[in-house]
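Report on the structure
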Amino acid sequence: MRRITLSRYLIEQQREKNHLNSDLRLLIEVVARACKTISVAINKGELAGVLGSAGTDNVQGEVQKKLDVLSNEILLDANEWGGHLAAMASEEMDEPHPIPNRFPKGEFLLVFDPLDGSSNIDVNMTVGTIFSVLKCPEGVEPNEQAFLQPGVKQVAAGYALYGPSTMLVLTTGHGVDAFTLDREQGSFVLTQKGMRIPEETKEFAINMSNMRFWEAPMQRYINELLAGKEGPRGKDFNMRWIASMVADVHRIMTRGGVFFYPIDSKTKDKGGKLRLMYEANPMSMLVEQAGGAATNGLQRILEIKPEKLHQRVPVMLGSKQEIDLVTSYHLESQ
Ligand SMILES: O=P(O)(O)OC[C@H]1O[C@](O)(COP(=O)(O)O)[C@@H](O)[C@@H]1O
Ligand SMILES: [Mg+2]
Ligand SMILES: [Mg+2]
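Keep in mind the model is a prediction, meaning the values are calculated, not measured.

Glancing now at the overall build of the protein chain. Within the protein chain, the regular secondary structure consists of 8 helices and 17 strands. For the protein chain, whose C-alpha radius of gyration is 19 Å, the value lies close to the compact-globule estimate of 20 Å for 334 residues. Considered along the principal axes of its C-alpha atoms, the protein chain spans approximately 60 × 50 × 45 Å. A buried classification covers 58% of the 334 residues belonging to the protein chain. For the protein chain, the proportion of contacts with a sequence separation of at least 24, taken over those separated by at least 6, is 63%. Working note: accessible area of the protein chain is about 14,300 Å², and carbon and sulfur atoms make up 49% of it.

Printed below as a string of C-alpha cells:
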C-alpha cells in the first residue's frame, strides 16, 4: 500500500488541489508535531510524573490537571516561532496569547482545547486535543475581538485522539481525513480518506445522570429513544458515554451516532457546559464536513456569532436525521 504521510498529504493538498497555502500547511504540521509530543507524555503517564492535579484553576473555574497545563505549554511553544500565526487562544488561558515581538507574525489565529476529557487522564482512558484555525481580519489587532468569528469562518479544524493508537483527524473544508501515528517512524500516516457519518443511527451519547436537569424537549427526545421498539421510534437504541468529547465524536465519525451536551438547570447560567470556540465549533465543522449536522437545539452551531472567547453552548451533533429531529423538538417548544 502507498504510504501517505501527513507531510506528503499536505503538500499534495497545497500543490495539486490548492486547498491550503504554505502557512496553513506549516501550521497543521506544527500542531501535529505538538500533538505527538503530548501523545508521548500521555503514553508515559505516571512514569513521566504527568498525572494528577496541577493545583491551579483555569479561567472556567475548573481544576487544572498537570496534563492540561503541559499540553497548553507544548502547543504554545511549538507554534510561537514559525511565523504562521498572529495569536493563539486556549481553553486554559484567560486572554489570547499574542506572538511575542521577537518572532515573525502570520495571518492565522489558532484556537485550542489542549487536553479534552481531563477527567479521563488519571484513569488511563482516552483523551484528546481539539483545534480550530481562523484568519485574523486584515488590519485588526489579534486581540479577543479578532477571535470572535462564527464557526463558518474556520479554515481548518481537527483533533488528536490519544487512544490505543494516536490519531489526527483533520478538515480544511474539503471533507475529513484521518491519520494514525506510526510511533517507530514518528509520522502520521493517512489511514482513512473522506470520513462519512451515516444519516441514520441507533446509538446515542449523553451524560444520563443529568436527565432530571434537562429542558423538556431534550427529555422528550431521550425518553423516546429509551422506549425502544415499543415506543414512537420503533427501534432499540444503544448508549455510549466516554466523557471525552474527542473520543465520543471520533466514534461518531467512524460508525455514526449522536452526541449531546444539552443545556441543563445546573449549567444554564453559564450557557451550557462545552465551549463554543474550543470544542463546539471545530467539532461541528468536522461533523458537517463528514455529512452530519450540529446545532445548539435551535440553530446551526457554526452560525453562532461568539460574544466572548470562553462562551459556552449546548451541543447536539452527529447523524443528520437524529439532529434534525431533536432540533425540531426544541424549535417547537419555543
Ligand atoms: O463529566 P461530564 O459532565 O460527563 O462531561 C464530559 C464532557 O466534559 C469534557 O470533558 C469537557 O472538556 P475538558 O476536559 O476539556 O474540560 C468533554 O470532553 C466531555 O464530553
Ligand atoms: Mg474539552
Ligand atoms: Mg480541556
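Let's shift gears to the coordination of the magnesium ion (ligand 3). Coordination of the magnesium ion (ligand 3) by the protein involves Glu91 (OE), Asp113 (OD) and Leu115 (O), with metal-donor separations of 2.2 Å. The sequence pattern describing where the donors of the magnesium ion (ligand 3) fall on their chain is E-x21-D-x1-L. The distance between the magnesium ion (ligand 3) and the magnesium ion (ligand 2) comes to 3.7 Å, and Asp113 binds to both of them. Within this pair, whereas Glu91 is found in the loop between β3 (85–90) and β4 (97–98), its partner Asp113 is found in strand β5 (residues 108–116), the two being separated by 22 residues in sequence.

Okay, the site of ligand 1 next. The local shell around ligand 1 holds 17 residues, among which Asp116, Gly117, Ser118, Met245 and Tyr261 are the closest. In this structure, Asp116 approaches ligand 1 through a side-chain N or O atom, which is 2.7 Å from an oxygen atom. In isolation ligand 1 has 470 Å² of accessible area, and contact with the protein removes 86% of it. In this structure, ligand 1 is accommodated by the largest pocket. Per-element accounting of the shell around ligand 1 gives the leading share, 3 residues, to β5. Taken domain by domain, the shell around ligand 1 gets at least three of its residues from each of domain 1 (6–192) and domain 2 (203–332).

For the rest of this paragraph, the subject is the layout of surface pockets. Looking at the largest pocket, its volume works out to about 450 Å³. In this structure, the largest pocket is lined by 25 residues; those nearest its centre are Gly117, Ser118, Ser119, Lys273 and Arg275. For the lining of the largest pocket, the secondary-structure elements that each account for two or more residues are β2 (63–65), β5, α6 (245–255), β13 (258–261) and β14 (274–275). Tallying contributions element by element places β5 first for the lining of the largest pocket, with 3 residues. Taken together, the residues that form the lining of the largest pocket break down as 8 nonpolar, 6 polar and 11 charged. For the lining of the largest pocket, the two domains that each supply at least three residues are domain 1 (6–192) and domain 2 (203–332).

Between its first and last C-alpha, helix α2 (residues 22–44) extends 33 Å over 23 residues, near the 33 Å set by a 1.5 Å rise per residue. Between a side-chain oxygen at the N-terminus of α2 and the backbone nitrogen of Asp23 the separation is 3.1 Å; the capping residue is Asn21. Gly45 occupies a position one or two residues after α2 and carries a positive phi of about 55 degrees.

Below, the discussion takes up the pattern of salt bridges. On inspection of all chains with the given rule, the structure shows 19 salt bridges. Arg220 is paired through a salt bridge with Glu224; the nearest N and O atoms lie 3.3 Å apart. Pair noted here: Arg220 and Glu224 are both in helix α5 (residues 216–226), with a separation of 4 residues, about one helical turn. Here Arg220 falls in the partly exposed class, since its relative accessible area comes to 36%.

Moving on, we get to the sheet that holds strand β12 (residues 238–239). With mixed pairing, the 5 strands of this open sheet are ordered in space as β12-β11-β13-β17-β15. With one partner strand each, in any of the chains shown, β12 and β15 (293–295) form the two edges of the open sheet. Bridging between strand β11 (residues 203–205) and β13 involves 2 bridges; their strand directions are parallel. Within the sheet, the bridge partner assigned to Ala205 lies in β13 and is Phe259. Packing against the sheet, α6 makes contact with β11, β13 and β17 (315–318), and its axis sits at approximately 30 degrees to β17. Relative to the sheet, helix α7 (residues 276–289) contacts β15 and β17, its axis offset from that of β17 by approximately 25 degrees.

Turning our attention to the coordination of the magnesium ion (ligand 2). Geometry sets the ideal angles at a metal, namely 109.5 degrees for four tetrahedral donors and 90 or 180 degrees for six octahedral donors. For the magnesium ion (ligand 2), every protein donor is listed as Asp113 (OD), Asp116 (OD) and Glu279 (OE), and the spread of their distances is 1.8 to 2.1 Å. The sequence pattern formed by the donor residues of the magnesium ion (ligand 2) is D-x2-D-x162-E.

Across all of its chains, the model carries 1 cavity of 30 Å³ or more by this definition. The calculated volume of the largest cavity comes to roughly 30 Å³. Lining the largest cavity we find Ser132, Leu134, Gln149, Pro150, Gly151, Gln154, Met277 and Asn281. Tallied by class, the residues present in the lining of the largest cavity amount to 3 nonpolar, 5 polar and no charged.

Below, the discussion takes up the UniProt feature "binding site: Mg(2+) 1" (unreviewed entry) in the protein chain. The feature "binding site: Mg(2+) 1" (unreviewed entry), as given by UniProt, occupies Glu91, Asp113 and Leu115 in the numbering adopted here. The greatest C-alpha distance among the residues just named is 9.1 Å, despite their covering 25 residues of sequence, which places them together in space. The annotated residues that sit in the lining of the largest pocket are Glu91, Asp113 and Leu115. Every residue in contact with Glu91, bar those within four places of it in the chain, is listed here: Asn58, Val59, Gln60, Phe112, Asp113, Pro114, Leu115, Arg275, Tyr278, Glu279 and His310. Relative to the elements of secondary structure, Leu115 occurs in strand β5. With near-sequence residues (within four places) excluded, Leu115 lies in contact with Ile38, Ile42, Leu67, Asp68, Ser71, Glu91, Ile121, Val127, Gly128 and Tyr162.

The rules behind these values
Residues numbered from 1 in each chain as written. Chains lettered and ligands numbered in written order. Predicted model: local features only at pLDDT ≥ 70, side-chain atom pairs only at ≥ 80, totals over all residues. Heavy atoms only, no water. Helix = DSSP H or I, 4+ residues; strand = E, 2+ residues; numbered from the N terminus. Rg over C-alpha atoms; globule rule 2.2 N^0.38 Å. Buried < 20%, exposed > 50% of the residue type's maximum accessible area, 1.4 Å probe, protein only. Contact = heavy atoms within 4.5 Å. Areas by Shrake-Rupley, 256 points an atom, 1.4 Å probe, with all protein chains shown as cover. Donors = N, O, S within 2.8 Å, 3.2 Å for Na, K, Ca; no water. Near = heavy atom within 4 Å. Polar contact = N/O pair within 3.5 Å; in protein donor to acceptor, adjacent residues only side chain to side chain. 1 Å grid on protein atoms, 1.4 Å probe; cavity = no way out; pocket = protein on both sides within 12 Å on 5 of 7 lines; lining within 4 Å. Sits in = over half its atoms within 2 Å of the grid points. Domains from an automatic or database assignment. Points joined across faces, edges and corners; volume = space filled by probe spheres on them. Nonpolar A, V, L, I, M, F, W, Y, C, P; charged D, E, K, R; others polar. Expected span 1.5 Å × (residues − 1). Salt bridge = Lys/Arg side-chain N within 4 Å of Asp/Glu carboxyl O. Pairing = 2+ DSSP bridges. Axes fitted to C-alpha atoms, helices over the stretch in contact; angles between N-to-C directions. UniProt positions renumbered as here; feature names shortened; annotations may be inferred.

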